[in-house]
Amino acid sequence: IDFALLVVAADDGPMPQTLEHLAILDLLGLSAGAVALTKVDRVDPQRVSQVRDEIELLLADTGLSGAPIFPVSGITGDGIPELQEHLSGAAASIAGRRTDGHFRLAVDRCFTLPGAGVVVTGTVFSGTVSAGDRLLLSPSGLPVRVRSIHAQNQQSDVGTVGQRCALNITGGDIDRAAVHRGDWVLPAAIHAPSDRIDARIRMLPGESKALRHWTPVHIHLGAIDVTGRVAVLDGQSIKPGESGRVQLVLDHPVGALRGDRLILRDQSAQRTIGGGWIIDPFSPKRGRRTPDRLAVLEAMELEEADARLSVLLDRASGGID
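In every chain, residue numbers begin from 1 and rise along the written sequence. Given that the model is predicted, a residue must reach a pLDDT of at least 70 before its local features are reported, and side-chain atom pairs must reach 80 or more before they are shown or counted; all residues, however, enter totals for whole chains, interfaces and linings. Just so you know, side-chain values use all the structure's heavy atoms and leave hydrogens and water out.

## Observations regarding the overall build of the chain
Along the backbone of the chain there are five helices and 20 strands. The C-alpha radius of gyration of the chain comes to 22 Å, within 12% of the 20 Å expected for a compact globule of 321 residues. Taken along the three principal axes of its C-alpha coordinates, the chain extends 70 × 55 × 40 Å. Only protein chains enter the calculation, and the probe is 1.4 Å; a residue is then buried if its accessible area is under 20% of its type maximum, exposed if over 50%, and partly exposed in between. When each of the 321 residues of the chain is scored for burial, the buried share is 42%. Pairs at least 24 residues apart make up 66% of the contacts formed inside the chain by residues separated by at least 6 positions. Distance between charge centres in the chain, computed from 33 positive and 39 negative side chains, equals 7 Å. In DSSP terms, a helix is any run of H or I states spanning at least four residues, a strand is any run of E spanning at least two, and both are numbered starting from the N terminus. This radius of gyration counts C-alpha atoms alone. The globule rule is 2.2 Å times how many residues there are, raised to the power 0.38. A contact between two residues is defined here by any heavy atoms of the two lying within 4.5 Å. The sign given to each residue is positive for Lys and Arg and negative for Asp and Glu; His and the chain ends receive no count. Here the site of a charge means atom NZ of a Lys, CZ of an Arg, CG of an Asp or CD of a Glu.

Below, the structure written as structure tokens:
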């Protein structure tokens, strides 16, 4: 996601879901966006001004601080042209993504079409795909071939990073029942499901309790919601508003790569409690808190790949995978 449009109704004002969605955007690292203050035709100007002030206050401590607010009405059309112009300008100003690297599509829906067969839809996280490509459905590992592509609701020969795509896929063991929300479509080279993931997590400041060792949670990554437990690696807990390293021990293997963003919700899936990013998707089952392992994670958190590799090679006795 490059840009977010937060929608708040002028008559209701910020609601609980507004706060949660804003928190999730912040945890995902979003720093570009705008606010649509809708239904301004239903209230007086004083109410519009009041809600605008509330929104500015909510945004102040997030990555969307200072984002423009557009009072609009879908009934009268007031403010819509200005919002459209801003969105068009924002889209034009966003630099193009790198299209190299392996293709990854996070499946969020699957259906069948008469005469076509199985179609999966989702967001392309990286790389490009072309009709005829041979890939895998992960984590099941089932081989698939891409018969055709719709990108941004149009027939296309290729799909690329950042797009919404629908892939018509075929394979000997592929039917609708074999595909699940949260699966990935990707090449065999990066098919490596894991049920232990090291990550850096930031707790939301509004939480009433610290995140303690072995807390059960829901983990949202790509399009999947998987349950698991949090093994805190730095101390015994992470206080509200603070961050720390954890190992996520999942109930089912998932596909993940370093840098992927994730969201944590509580055991009952009623509220978001924190989120962060993956440091190492291939955590060891033993020795997760040893000094050597924590030093590896510290190196893995370095931003530049060559710096990470250099530090890891200095520490390794038998080479680096």
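## Some details on the sheet that holds strand β16 (residues 224–232)
With antiparallel pairing, the six strands of this closed barrel are ordered in space as β13-β18-β16-β15-β19-β20. Averaged over all adjacent pairs, the angle separating strand axes in this sheet is 45 degrees, with direction ignored. Pairing analysis gives five bridges linking β16 to strand β18 (residues 243–254), with the strands arranged antiparallel. Residue pairing for β18: Arg 229 is matched across the bridge by Val 249. Note on geometry: axes are C-alpha line fits, over the in-contact stretch for helices, and angles between N-to-C directions span 0 to 180 degrees. Strand contacts of helix α1 (residues 16–27): β13 (194–203), β19 (261–265) and β20 (272–280), with the helix running at about 15 degrees to β20, the strand carrying the most contacts. Strands are labelled as partners when DSSP assigns at least two bridges between them.

## Some details on the sheet that holds strand β1 (residues 4–9)
Strand order in the open sheet made by the three strands is β1-β2-β3, with parallel pairing throughout. The open sheet is flanked by β1 and β3 (69–71), the only strands paired with a single partner. Sheet twist, expressed as the mean angle between neighbouring strand axes with direction ignored, is 20 degrees. Two strands pair when backbone bridges link them, and strand β2 (residues 33–38) and β3 are joined in this way by three bridges, in the parallel orientation.

## Section: the pairing of strand β5 (residues 117–126)
Residues in a regular strand project their side chains so that they alternate between the two faces of the sheet. Of all ten residues making up β5, seven are buried, and the element is well covered by its neighbours. Where strand β4 (residues 104–113) lies against β5, nine bridges are found, and the strand directions are antiparallel. Counterpart to Leu 113 in the pairing with β5 is Gly 117. Here β4 folds back onto β5 in antiparallel fashion, the turn holding three residues, of which Gly 115 has a positive phi close to 85 degrees. Sheet topology places β5 next to strand β11 (residues 164–170); six bridges connect them, and they run antiparallel. Each bridged residue has a counterpart across the sheet, and for Val 120 the counterpart in β11 is Leu 167.

## Details of the side chain of Asp 26
Relative to the assigned elements, Asp 26 resides in helix α1. The exposure class of Asp 26 is buried, given its relative accessible area of 19%. In this structure, Asp 26 is in contact with Asp 61, Thr 62, Gly 63 and Arg 202, ignoring residues within four places of it in sequence.

## Some details on the packing of helix α4 (residues 291–300) against helix α5 (residues 305–315)
Between α4 and α5, the least distance of the axes is 8 Å, while the angle of their chain directions is 160 degrees. Overall, the two elements α4 and α5 adopt an arrangement that is roughly antiparallel. Note on element contacts: α5 touches α4 through Arg 308, Val 311, Leu 312 and Arg 315, opposite Asp 292, Ala 295, Val 296, Ala 299 and Met 300. Each residue receives one of three labels: charged for Asp, Glu, Lys and Arg, nonpolar for Ala, Val, Leu, Ile, Met, Phe, Trp, Tyr, Cys and Pro, and polar for the others, Gly being one of them. Tallied by class, residues from the contact of α4 with α5 come to six nonpolar, no polar and three charged. The scheme is simple: roughly parallel for angles under 35 degrees, roughly antiparallel for over 145, roughly perpendicular for 65 to 115, oblique for anything else.

## Quick look at the nonpolar core
Ranked by size, the top nonpolar core spans 27 residues in total, and within it Ile 219, Val 230, Leu 248, Leu 262 and Leu 264 carry the most contacts. Elements that contribute at least two residues to this core include exactly β12 (184–186), β13, β15 (215–221), β16, β18, β19 and β20. Ignoring anything within four residues of it in the chain, the contact list for Val 230 reads Leu 211, Arg 212, His 213, Trp 214, Thr 215, Val 217, Val 246, Gln 247, Leu 248 and Leu 264. Here, the term nonpolar core denotes a set of buried Ala, Val, Leu, Ile, Met, Phe, Trp, Tyr and Cys residues that are joined through side-chain atoms within 4.5 Å. Ranked by size, the runner-up nonpolar core spans 20 residues in total, among them Phe 103, Val 129, Leu 135 and Ile 149.

## With respect to unusual backbone geometry
Cis rather than trans, the peptide bond between Ser 138 and Pro 139 has omega equal to 20 degrees. Relative to the helices and strands, Pro 139 is located in the loop between β7 (134–138) and β8 (142–151).

## Here we look at the state of the cysteines
Criterion for a disulfide: a pair of cysteine sulfur atoms at a distance within 2.5 Å. Taken as a whole and assessed by the stated rule, the structure comprises zero disulfides. We note that Cys 110 lacks a disulfide partner, and the nearest cysteine sulfur, in Cys 165, lies 15 Å from it. A relative accessible area of 14% places Cys 110 in the buried class.

## Observations concerning the pattern of salt bridges
Two side chains carrying opposite charge are able to pair once their charged atoms lie near each other. Salt bridges are defined as contacts in which a side-chain nitrogen from Lys or Arg sits within 4 Å of a carboxyl oxygen from Asp or Glu. On inspection of all chains with the given rule, the structure shows 15 salt bridges. Here Asp 100 ties to Arg 98 by a salt bridge, and the two come within 2.6 Å at their closest N and O atoms. With relative accessibility at 44%, the residue Asp 100 sits in the partly exposed group. Here Asp 198 makes a salt bridge to Arg 293, at a shortest N to O gap of 2.5 Å. Note that Asp 198 is positioned in strand β13 and Arg 293 in helix α4, a separation of 95 residues in sequence. Among the residues examined, Arg 293 registers a relative accessible area of 12% and is labelled buried. Via salt bridges that share partners, Arg 200, Asp 234, Arg 245 and Glu 301 belong to a single interconnected network.

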